[in-house]
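# Per-entry structural report
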Amino acid sequence: MKANPGRQRQRLMVAAGLVSMALGAVAATPGLQTHDAQRVEVPSLDRVGGLPVLLPSYWFAAPGPQPAAGADTPSLQPALVLLHGCGGVFGRGPLLAERYTELASRLAALGVQTLVVDSLTPRGERELCTQRLGQRKTTQLQRRRDALGALQWLAAQPGVDRTRIGLLGWSNGGSTVLAATNLAHAEVTRAPVKPSLAVAFYPGCATERDRGYLPAAPLLMLLGEADDWTPAAPCKELAAAARSEPRPQWVAFEGAHHGFDSTAAVRLRTDVPNGATEKAGVHVGGHPQARALAAQRLQAFLRAQWQLPAPAAGAEPADAAPVLLPTVTIVSNPPPHHPRTGP
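Residues numbered from 1 in each chain as written. Predicted model: local features only at pLDDT ≥ 70, side-chain atom pairs only at ≥ 80, totals over all residues. Heavy atoms only, no water.

## Considerations on the side chain of glutamate 187
The line we're drawing: In this description a helix means any DSSP run of H or I spanning at least four residues, a strand means any run of E spanning at least two, and both kinds are numbered starting from the N terminus. Categorising residues by exposure relies on relative accessible area from a 1.4 Å probe, with only protein chains included: less than 20% of the type maximum marks a residue as buried, more than 50% marks it as exposed, and the intermediate range marks it as partly exposed. What qualifies as a polar contact is a pair of N or O atoms within 3.5 Å, subject to a donor-acceptor requirement within protein and to the restriction that residues adjacent in sequence count only when both atoms come from side chains. Residue contacts are counted whenever heavy atoms from the two residues lie within 4.5 Å of one another.
Tracing the chain through its elements places glutamate 187 in helix α5 (residues 186-190). Glutamate 187 sits in the buried class, given a relative accessible area of 15%. Of note is the side chain of glutamate 187, whose polar atom sits 3.2 Å from the side chain of arginine 145. In contact with glutamate 187, not counting residues within four places along its chain, are Leu141, Arg144, Arg145 and Leu148.

## Let's talk about the side chain of threonine 114
Relative to the helices and strands, threonine 114 is located in strand β4 (residues 113-117). In this structure, threonine 114 is in contact with Tyr58, Trp59, Phe60, Leu80, Leu82, Ala104 and Leu107, ignoring residues within four places of it in sequence.

## A word on the pattern of salt bridges
Pairing between side chains of opposite charge can happen when the charged atoms of each approach one another. Applicable threshold: For this analysis, a salt bridge means a side-chain nitrogen from Lys or Arg found within 4 Å of a carboxyl oxygen belonging to Asp or Glu.
The final tally for this structure, using the stated rule, is 15 salt bridges. Of the charged contacts, one joins glutamate 225 and lysine 236 as a salt bridge, the two residues approaching to 2.8 Å between their closest N and O atoms. Within this pair, whereas glutamate 225 is found in the loop between β7 (219-224) and α7 (233-241), its partner lysine 236 is found in helix α7, the two being separated by eleven residues in sequence. For arginine 247, the salt bridge goes to glutamate 245, with nearest N and O atoms at 3.6 Å. A relative accessible area of 40% places arginine 247 in the partly exposed class. What makes glutamate 245 exposed here is its relative accessible area of 58%. By sharing partners, the salt bridges in this structure join Asp46, Arg123, Arg144, Arg145, Asp146 and Glu187 into a single network.

## Observations concerning the sheet that holds β7
This is how it is decided: Paired strands are those between which DSSP finds at least two bridges. Angles shown run from 0 to 180 degrees and are taken between the N-to-C directions of axes, each axis being a line fitted to C-alpha atoms and, for helices, limited to the stretch in contact.
The strand order across the open sheet formed by eight strands is β1-β2-β4-β3-β5-β6-β7-β8, and the pairing between neighbours is mixed. Of all the strands in the sheet, just β1 (38-48) and β8 (249-253) have a single pairing partner and so form its edges. The mean angle between the axes of side-by-side strands here comes to 25°, regardless of whether they run parallel or antiparallel. One ladder, built from five bridges, connects β7 with β8; its direction is parallel. Among the inter-strand pairings, glycine 224 is bridged to a residue of β8, identified as phenylalanine 253. In the packing of helix α2 (residues 98-109) onto the sheet, the strands contacted are β2 (51-60), β3 (77-83), β4 and β5 (160-170), and the crossing angle to β5 comes to about 145°. Against the sheet, helix α4 (residues 172-180) contacts β3, β5, β6 (197-201) and β7, and its axis sits at roughly 135° relative to β5.

See below:
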């Protein structure tokens, strides 16, 4: 039986309203800004002239819980590497884009520390979005090695629980998440530090799908059904064809374009040559309901995988807990074939 689109939209709007209420308590905490981060240099596994590429990075160490009675040190906390998309980490000037500081703030409220890694500026780049695939100066091989190096750096930090280290990326960074958690890559298999979970917002999935995805950790993919830059279908196919447990999870949001978790209006970018269709350009922009539901699904995934403590009484409205999200929200069947595309 076909789902009623009107009922689906109503369900999304109701759930989004409850999610917004739930996130309101977090938003009441002063948000982190670039100056709140410790500027660090993280060694990549990528090397130039025999030396590791040093990645300018921003370390948001969340305040830890008080030591248990009789203990000398506080409890160790989980940490996530945040991997930027093709636009890089910066917004205006030298400041981190709002996407990274906003998520770092929300994760800090959960007791999760974050490391924002810049793969572009040490290689003389500011963005990759307008460069054609196959001609980019910063490749997925380099970015995969950046992610693996960042995991090693995190594991060595005092206060970090090395059993609860993860990767989270957007777009091109989401593709990096897939590459850095695919045991089909020999260097991923050999890596001394592997993530215990991974999250990818609207990644390009065709390359790792075609290689054969062998997951190193539980993976959650958050996708837009209307994405014409990195379409959802290859990601669903990757999950279906994954060669071992744990099976990747995915959620696709009706009517959501690439970048649905932003607050910007949807616009057509004609300067992007790597879209999924023959038409010029791609659509990019926020979708309020998908943004809210993705935030809820992300928090639920982190809590389940890392056994994070439940929110304090009163931190979330009582009626937010029972919200049931659809595993998938689909408007129409995907076309039978998608060209290899990516951010």
